[in-house]
Amino acid sequence: QVQLVESGGGLVQPGGSLRLSCAASGFTSGDYAIGWFRQAPGKEREGVLCISRGGRTNYADSVKGRFTASRDYAKNTVYLQMSSLKPEDTAVYYCASARTSGWGTCGGSRPPEVNEYAYWGQGTQVTVSS
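Parameters and conventions
- Residues numbered from 1 in each chain as written.
- Predicted model: local features only at pLDDT ≥ 70, side-chain atom pairs only at ≥ 80, totals over all residues.
- Heavy atoms only, no water.
- Helix = DSSP H or I, 4+ residues; strand = E, 2+ residues; numbered from the N terminus.
- Contact = heavy atoms within 4.5 Å.
- Core = buried A, V, L, I, M, F, W, Y, C linked by side-chain atoms within 4.5 Å.
- Buried < 20%, exposed > 50% of the residue type's maximum accessible area, 1.4 Å probe, protein only.
- Phe/Tyr/Trp six-rings, centres within 6.5 Å; stacked < 30°, edge-to-face > 60°.
- Lys NZ or Arg CZ within 6 Å of the ring centre and 35° of its normal.

Asker: What am I meant to see in the side chain of Ser21 here?
Answerer: Along the chain, Ser21 turns up in strand 3 (residues 18–25). Among all residues touching Ser21, those that are not within four sequence positions of it are Val5, Glu6, Ser7, Trp36, Thr77, Val78 and Tyr79.

Asker: Where do I start with the nonpolar core in this structure?
Answerer: Note that soluble globular proteins tend to have their nonpolar side chains buried in a common cluster. Judged by nonpolar contacts, the single largest core of 27 residues is most densely connected at Leu20, Trp36, Leu49, Phe67, Leu80, Met82 and Tyr93. Among the secondary structure elements, those contributing two or more residues to this core are strand 3, strand 4 (34–39), strand 5 (46–51), strand 7 (67–72), strand 8 (77–82), strand 9 (91–98) and strand 11 (124–128). With 4 residues, strand 3 is the single largest residue contributor to this core. Excluding residues within four positions of it along the chain, Tyr93 makes contact with Glu6, Leu20, Phe37, Arg38, Val48, Phe67, Leu80, Met82, Gly123, Thr124 and Val126. The next biggest cluster of nonpolar side chains, apart from the first, holds 7 residues, and it includes Phe37, Ala96, Cys106 and Tyr117.

Asker: What exactly am I supposed to notice about the environment of Tyr32 here?
Answerer: Considering the arrangement of structural elements, one finds Tyr32 in the loop between strand 3 and strand 4. Sequence separation between Tyr32 and Ser52 is 20 residues; the distance between their C-alpha atoms is 6.9 Å. Ignoring any residue separated from it by four or fewer positions in sequence, one finds Tyr32 in contact with Phe27, Arg53, Arg71, Ser97, Ala98, Thr100 and Ser101.

Asker: What exactly am I supposed to notice about the packing of aromatic side chains here?
Answerer: For any pair of aromatic rings, the description consists of the separation of the ring centres together with the inter-plane angle of the planes. As enumerated under the stated definition, the model contains 3 aromatic pairs in all. Between Phe27 and Tyr32, the ring centres sit 5.7 Å apart and the planes meet at 75 degrees, which makes this aromatic pair edge-to-face. For Tyr32, a relative accessible area of 23% corresponds to the partly exposed category. Summarising the aromatic geometry, the rings of Phe37 and Trp120 are spaced 4.7 Å apart at their centres and angled 50 degrees between planes, so their arrangement reads as tilted. Taken together, the positions of Phe37 in strand 4 and Trp120 in strand 10 (residues 117–120) put the pair 83 residues apart, joining distant regions of the chain. Using a relative accessible area of 25% as the deciding quantity, one classes Trp120 as partly exposed. Chaining the aromatic ring pairs together yields one cluster made of Phe37, Tyr117 and Trp120. Residue placement shows Arg45 over the ring face of Tyr94; its charged tip is 3.8 Å from the ring centre. Arg45 extends its terminal NZ or CZ atom over the ring of Trp120, reaching a point 5.0 Å from the ring centre.

In structure tokens:
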């Protein structure tokens, strides 16, 4: 029932831009903080950013100033706009819903942590290469 589906990944040149979407179904994503994570081959999954119920965002230092999250409550969708992409951004990108519908998740100033999120999408591949 609860489902998150990422889309929009692909191949892009360094310095390029890409927009990822996270479409939710079976629940109202606007009632939860949503996190974006990424995992490169052989590396641990890391938090990229989160967006709170109210639209506030927290970013990892590695993407701050380059990535922007937004959400469309009516469409039950969260977006990740990526610009000035670097080869180091190459990874599978996942969106995930917070474990609770409270206001605490993504309420601080730090990027999201995996254990704060319960429902995960299947991921979408982003490859930054010339």
